[in-house]
Amino acid sequence: MAREARRQPAPAKSLAVTIPRPGGVSGFVNATTVGARLAADPSSFAEVAERQLEAVYRYLVYLTGDRSVAEDLAAETFEKALRSWRRFDPRRAAPRTWLCGIARNVALDWFRAERRRRRREETYARDGGESAETVFSEGLSPPLERALRALSPAEREVVALRVVLELDGPSAARVLGISATACSTRLSRALTKLEKEMGDVRS
Amino acid sequence: MSAADLSALLRGEPARTDEERRVASLIDALRADPPGPSATLRAHVRELRPQKRHRLLSLAPRRLAVVAVPLLAAAALGTALVHGLIDSGGHPVAQKEFQHRSASAVGGQPAGAPTATVPTFQKAPSVLGLPARSMGDVPSLSSGVRLRRFVASLRVRIPDVNRLSKATSMATQVARLLGGYAASVEYRNPAGRPGQAFLELRIPIDHVQAALTRLAGLGTLLAQQVSVQDLQAQLERQAAQVVQLREEITLTQKALQDPSLSPVDRIRLQLKLNEAGRALAQRMHARKHTVAEGMLARLSLVLTTQKPAVQAGIHHERRLNRMLGSAVSFLELESTILLYALVVITPLIPLAVLACALVSARRRRDERRLLHT
């Protein structure tokens, strides 16, 4: 009963209001204050970039599975965000959601470029997956690392958005360009697969 | 596990079942010590600064459209008004009217004095150069003089009603003295309204200029229109037809005198002769009418007592009406062009929408291939 009473769907336009977790990212965003400030002050881009850099970088690490690539793509993401900063409307999306959307497009361009390169060279750049040295996070156990590497980029990105970056369902769905229901389903499958991979690795 | 349970776990709520505990520990593990960007990346992002751009260029497309559409509409309206203003200012009749009124306001025009200019006559010297002819004379084809139809109209303002009838009589006298006549005279003097007289005069072509000068001198010339049309070609054509028909009649008559003709041929020739005779009569009548047209000029004279103050107001009102009319015409032209553009573009819109949908579907499929493998 208590769980059901708490199972209230998030508001349609809610932002990433989260409870800070130990070792996690504090992603508290107040739309009203930030929105008003963003609209009035162009130099707030620097503040937003500083605040969201880690989140965007982590998202790209999980999406691409390569830290060096994630660094390059993160820089490109913020450069693109800077060019379209004046068109950003904080009433439509939170800064983190907006930046993750840009990062996703940048990453997709990279994936396409990689695919073209592989077709030209007729070899996989990283032997069918990420290199063995890729470390998603120093705090992750080796079985979890290997399980993450076994996921597809689509599965990793939903995990990154919902679990690591702690975006709510609608915001993550907006970044992915799918419905909130599809996003939940994808996350559930990704976590299930992660568990299974970890179980296989352990065994 | 349901989506709601999963969302609750992600929000940090405590797990209740074994499955939930496993997932919660997985979530905690993923969130433990996440990767961080390098110092190089941090420095690079810190150095990024937004550039100052023009406020209009930095607007979102939707907002730009909200600003641009009224601006374009205002520009179209302004262009139409400017076009109307320019077009209304160069009206030739209005300029003449204004010149005549200003001349009359300064010094007045005494009756009988020649008016400022009759420019159309200066442009038609051949009319002035015609030798004197009487009604019965037919212009010789070899004389080098061309037959012309001359039609003119004048509008003259008379100071008051009392002088209107006198001016009307003088106009008919002018026509008689110059060898012409008044074909019709209509005189109106309604109570409380300006009096007017409408005269249709016929003046020998040689005295047209004198007639126009004298008639314009009856008052203040308000408007004048002259039309000259060449009739010589028509006359020559008619004369040639007459000659041809006469020759045909002569030949037919000669053929009828042949005693060896059969009754049927005789009847046929007789019918042909009769037909040629009728045609000849018609052509000669038409030729006579053409000559008469060329001998006499048709002058339409309007005498009016309308006051000058009303005229000035009418001039400004007419200019405003012309300006508005021209502006409306220009707006109609702009609307027509816009409508044509819409008619051309509208069928392409569904194609464009379909193309966008196909491109979007292809991108999503491509995305699935990239990320789900």
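The present account deals with the structure reproduced in this document.

Here is what the cut-offs are and how they apply
- Each chain has its residues counted from 1, following the order in which its sequence is written.
- A letter from A marks each chain and a number from 1 marks each ligand, given out in the order of writing.
- Where local features are concerned, this predicted model is filtered to residues with pLDDT of at least 70; where side-chain atom pairs are given and counted, the filter is 80 or more; whole-chain, interface and lining totals use all residues.
- Computation of side-chain values: all heavy atoms of the structure, hydrogens and water removed.
- Helix numbers and strand numbers start at the N terminus; a helix is a DSSP run of H or I with at least 4 residues, a strand a run of E with at least 2.
- Only protein chains enter the calculation, and the probe is 1.4 Å; a residue is then buried if its accessible area is under 20% of its type maximum, exposed if over 50%, and partly exposed in between.
- Note on contacts: a residue pair is in contact if any heavy atoms of the two residues lie within 4.5 Å.
- Note on areas: these come from Shrake-Rupley sampling with a 1.4 Å probe, and a residue is covered only by the protein chains present in the view.
- Any pair of N or O atoms that falls within 3.5 Å is considered a polar contact. Within protein, one atom must be able to donate a hydrogen and the other to accept it, and sequence-neighbouring residues count only if both atoms are side-chain atoms.
- Each Phe, Tyr or Trp ring, with Trp reduced to its six-membered ring, pairs with another whose centre is within 6.5 Å; inter-plane angles below 30 degrees give stacked pairs, above 60 give edge-to-face pairs, and intermediate values give tilted ones.
- A patch is a set of surface residues, each over 30% in relative accessible area and not in a salt bridge, joined within 9 Å for like charges and within 5 Å for the nonpolar side chains Val, Leu, Ile, Met, Phe, Trp and Tyr.
- Definition used for salt bridges: Asp or Glu carboxyl oxygen within 4 Å of a side-chain nitrogen of Lys or Arg.
- Here the expected span of a helix is defined as 1.5 Å times the quantity of residues minus one.
- An axis is simply a line fitted to the C-alpha atoms; with a helix, the fit covers only the stretch in contact. Between two such axes, the angle follows the N-to-C directions and lies from 0 to 180 degrees.
- With respect to orientation, any angle under 35 degrees is reported as roughly parallel, any angle over 145 as roughly antiparallel, any angle of 65 to 115 as roughly perpendicular, and every other angle as oblique.
- Two helices cross in a left-handed way if the nearer one is turned anticlockwise from the farther one by less than a right angle. They cross in a right-handed way if the turn is clockwise.
- Buried area: the accessible surface (1.4 Å probe) lost by two parts on joining, summed over both.
- Ten residue types, Ala, Val, Leu, Ile, Met, Phe, Trp, Tyr, Cys and Pro, are classed as nonpolar, four, Asp, Glu, Lys and Arg, as charged, and the remainder, Gly among them, as polar.
- Here, any two strands with at least 2 DSSP bridges between them count as paired.

1. Details of the overall build of chain B
- Looking only at helices and strands, chain B features 13 helices and 5 strands.
- Counting across all 373 residues of chain B, residues that qualify as buried make up 31%.
- Look at the contacts in chain B between residues 6 or more apart in sequence, and 77% of them connect residues 24 or more apart.
- Of the roughly 23,000 Å² of accessible surface on chain B, 60% is carried by carbon and sulfur atoms.

2. What about the side chain of A:Arg162?
- Considering the arrangement of structural elements, one finds A:Arg162 in helix H7 (residues 153–164).
- Within polar-contact distance, the side chain of A:Arg162 engages the backbone oxygen of A:Leu167 at 3.0 Å.
- When near neighbours in sequence (up to four residues on either side) are disregarded, A:Arg162 contacts A:Leu167, A:Asp168, A:Gly169, A:Ala172, A:Cys183, A:Leu187, B:Ser7, B:Leu10 and B:Arg31.

3. Section: the environment of A:Arg104
- Its place among the elements puts A:Arg104 in helix H5 (residues 95–121).
- Here the alpha-carbon distance between A:Arg104 and A:Leu63, two residues 41 residues apart in the chain, equals 8.3 Å.
- Ignoring anything within four residues of it in the chain, the contact list for A:Arg104 reads A:Tyr59, A:Leu63, A:Glu157, A:Val175, A:Leu176, B:Glu367 and B:Leu371.

4. A word on the packing of aromatic side chains
Residue and element names in this part refer to chain A.
- On inspection of all chains with the given rule, the structure shows 5 aromatic pairs over all chains.
- Consider the rings of tryptophan 110 and phenylalanine 111, whose centres lie 5.1 Å apart with planes at 65°: the pair is edge-to-face. Phenylalanine 111 carries the same exposure label as tryptophan 110, and that label is buried.
- Taken together through their ring pairs, the aromatic side chains of Phe45, Trp85, Phe88 and Trp98 make up a single cluster.

5. Considering a nonpolar patch on the surface
All names here are of chain B.
- On the surface, a nonpolar cluster with roughly 340 Å² of combined accessible area is contributed by Leu77, Leu81, Leu320 and Leu324.
- Counting residues per element, the ones that place at least two in the nonpolar patch are helix H4 (61–89) and helix H12 (308–345).
- Considering the arrangement of structural elements, one finds leucine 324 in helix H12.

6. Some words on helix H13 (residues 348–371) of chain B
- Compared with an ideal rise of 1.5 Å per residue, which puts 24 residues at 34 Å, H13(B) spans 34 Å between its outermost C-alpha atoms and is within 8% of the ideal.
- Along H13(B), the positions that sit buried rather than exposed are B:Asp366, B:Glu367, B:Leu370 and B:Leu371.
- In this fold, the buried residues of H13(B) make contact with helix H3 (44–64), H5, H7 and helix H8 (169–176) of chain A.

7. Observations concerning the packing of helix H4 (residues 67–83) of chain A against H5(A)
All names here are of chain A.
- Between H4 and H5, the least distance of the axes is 9 Å, while the angle of their chain directions is 125°. The angle between H4 and H5 places the two elements in the oblique class. For the pair H4 and H5, the crossing hand works out as right-handed. Facing H4, whose interface residues are Val69, Leu73, Glu76, Thr77, Phe78, Lys80 and Ala81, H5 presents Trp98, Leu99, Ile102, Ala103, Val106, Ala107, Asp109 and Trp110.

8. Digging into the interface of chain B and chain A
- Taken together, the contact between chain B and chain A spans 53 residues of the former and 63 residues of the latter.
- Between chain B and chain A, a total of about 5,100 Å² is buried, with carbon and sulfur atoms accounting for 57% of that surface.
- The largest share of the area that chain B buries against chain A comes from B:Leu30, B:Arg31 and B:Pro35, three residues that together contribute 15% of it.
- Where chain B packs against chain A, one counts 7 salt bridges.
- In this structure, B:Arg42 and A:Glu54 form a salt bridge, with 2.8 Å as the shortest nitrogen-oxygen distance.
- Where chain B packs against chain A, one counts 13 residue pairs in polar contact (both at pLDDT 80 or more).
- Mapped onto the side of chain B that touches chain A, the elements with two or more residues apiece are helix H1 (3–10), helix H2 (18–31), helix H3 (39–47), H4 and H13 of chain B.

9. Points about the packing of H5(A) against H13(B)
- In contact at an axis separation of 10 Å, H5(A) and H13(B) are set at 75° when each is read in the N-to-C sense. In terms of axis orientation, H5(A) runs roughly perpendicular to H13(B). Contacts from A:Arg104, A:Leu108, A:Phe111, A:Arg112 and A:Arg115 of H5(A) reach H13(B) at B:Arg363, B:Asp366, B:Glu367, B:Leu370 and B:Leu371.
- Residue classes in the contact of H5(A) with H13(B) are distributed as 4 nonpolar, no polar and 6 charged.

10. Quick notes on the pairing of strand S3 (residues 196–204) of chain B
Residue and element names in this part refer to chain B.
- Counting buried positions along S3 gives 7 out of 9 residues, so the element sits mostly inside the fold.
- Of the pairings in the sheet, the one linking strand S2 (residues 181–188) to S3 comprises 7 bridges and is antiparallel in character. Residue pairing for S3: valine 185 is matched across the bridge by leucine 199.
- Sheet topology note: the S3/strand S5 (residues 296–304) ladder contains 9 bridges and is antiparallel. From the neighbouring strand, glutamine 196 faces S5, where its bridge partner is threonine 304.

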